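# Structural overview
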Amino acid sequence: MDAGTLRKFEESLGRCLVDPDFLDIFYGNFLGSSPKVREKFAGTDFDRQKEMLRASFDTMLAAARDEENGPERWLGPLAERHGARQLRIGAELYDLWLDNLLKTVRACDPGWSEDVEQAWEAVMGVGIQYLCSRYNS
Ligand code: HEM
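The paragraphs below set out a description of the structure included in this document. All figures in this text were calculated on a predicted structure; none of them were measured in a lab. (Residues numbered from 1 in each chain as written. Predicted model: local features only at pLDDT ≥ 70, side-chain atom pairs only at ≥ 80, totals over all residues. Heavy atoms only, no water.)

### Examining the site of the ligand
Neighbouring the ligand are 19 residues; Lys40, Phe41, Thr44, Arg48 and His82 lie closest to it. Contacts to the ligand include Arg48, whose side-chain N or O atom sits 3.2 Å from an oxygen atom. Within the side chain of His82, one N or O atom sits 2.9 Å away from a nitrogen atom of the ligand. Mapped onto the shell around the ligand, the elements with two or more residues apiece are helix H4 (46-65), helix H5 (72-82), helix H6 (91-108) and helix H7 (114-133). (Near = heavy atom within 4 Å. Polar contact = N/O pair within 3.5 Å; in protein donor to acceptor, adjacent residues only side chain to side chain. Helix = DSSP H or I, 4+ residues; strand = E, 2+ residues; numbered from the N terminus.)

### Brief notes about the packing of aromatic side chains
With the rule as written, the count across this model stands at 11 aromatic pairs. A centroid spacing of 4.6 Å and a plane angle of 70° characterise the contact between Phe9 and Trp120, whose relative ring orientation is edge-to-face. Of this pair, Phe9 sits in helix H1 (residues 3-18) while Trp120 sits in helix H7, placing them 111 residues apart in sequence. Judged by relative accessible area, which is 0%, Phe9 ranks as buried. On the basis of relative accessibility, which here comes to 0%, the residue Trp120 falls in the buried class. (Phe/Tyr/Trp six-rings, centres within 6.5 Å; stacked < 30°, edge-to-face > 60°. Buried < 20%, exposed > 50% of the residue type's maximum accessible area, 1.4 Å probe, protein only.)

### Quick notes on a negative patch on the surface
Residues Glu92, Asp95, Asp99 and Glu121 make up a contiguous surface patch of negative charge. The dominant element in the negative patch, judged by the number of residues it contributes, is H6, at 3 residues. Counting through the fold element by element, Glu92 comes out in helix H6. (Patch = residues over 30% accessible without salt bridge, like charges linked within 9 Å, V, L, I, M, F, W, Y side chains within 5 Å. Areas by Shrake-Rupley, 256 points an atom, 1.4 Å probe, with all protein chains shown as cover. Salt bridge = Lys/Arg side-chain N within 4 Å of Asp/Glu carboxyl O. Lys, Arg positive; Asp, Glu negative; His and termini not counted. Charge placed at Lys NZ, Arg CZ, Asp CG, Glu CD.)

### Details of the pattern of salt bridges
Pairing between side chains of opposite charge can happen when their charged atoms approach one another. According to the stated counting rule, one finds 7 salt bridges in the structure shown. Arg7 is the partner of Glu11 in a salt bridge, and the nearest nitrogen-oxygen pair spans 3.6 Å. Residue Glu11 and its partner Arg7 are located together in helix H1, separated by 4 residues, close to a single helical turn. Residue classification places Arg7 among the partly exposed residues on the basis of a relative accessible area of 47%. The closest approach of N and O atoms between Lys50 and Asp47, which form a salt bridge, is 3.9 Å. Taken together, the residues Lys50 and Asp47, both in helix H4 and 3 residues apart, mark about one turn of the helix. Among the charged side chains, a salt-bridge network with shared partners connects Asp24, Asp47 and Lys50.

Structure, rendered in structure tokens:
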């Protein structure tokens, strides 16, 4: 992935995380989008979950940046956790995840632009594609 896209994503992520409500707004949007999402997160400790998600943005960035090794090196355990043997997160839920994330970035990033949105789509797309491809393995 080109350096400009990676940089746009990273800068936007930094601006979003300045907003102390960014992750709360994201989970509010995501949980509000479907009863299937709420079902999956029944019983989740959201303070922990928000920390895990915050850290996984860096891992998703590393996966998109590291074209030599590919996402496997970074996202193997996350793929197992979300796959058929554990959380059973199907592709349609990743569509909702991304839509709600993009909506949240648009609301929280004061430097938002179409280019910024495309950078999020591109960087998150690498990880999402990998997690979906590993659903059964
Ligand atoms: C690429 C997108 C996603 C990323 C980066 C991500 C990230 C994470 C991370 C870092 C964890 C914590 C794993 C651990 O405890 O070791 C997690 C757990 C979880 N994720 Fe995801 N996730 C994604 C997509 C989804 C989607 C689409 C759903 C659908 C509902 C989902 C549902 C869950 C659930 C239910 C848990 C377990 C929560 C608990 O421990 O109670 N995730 N996710």
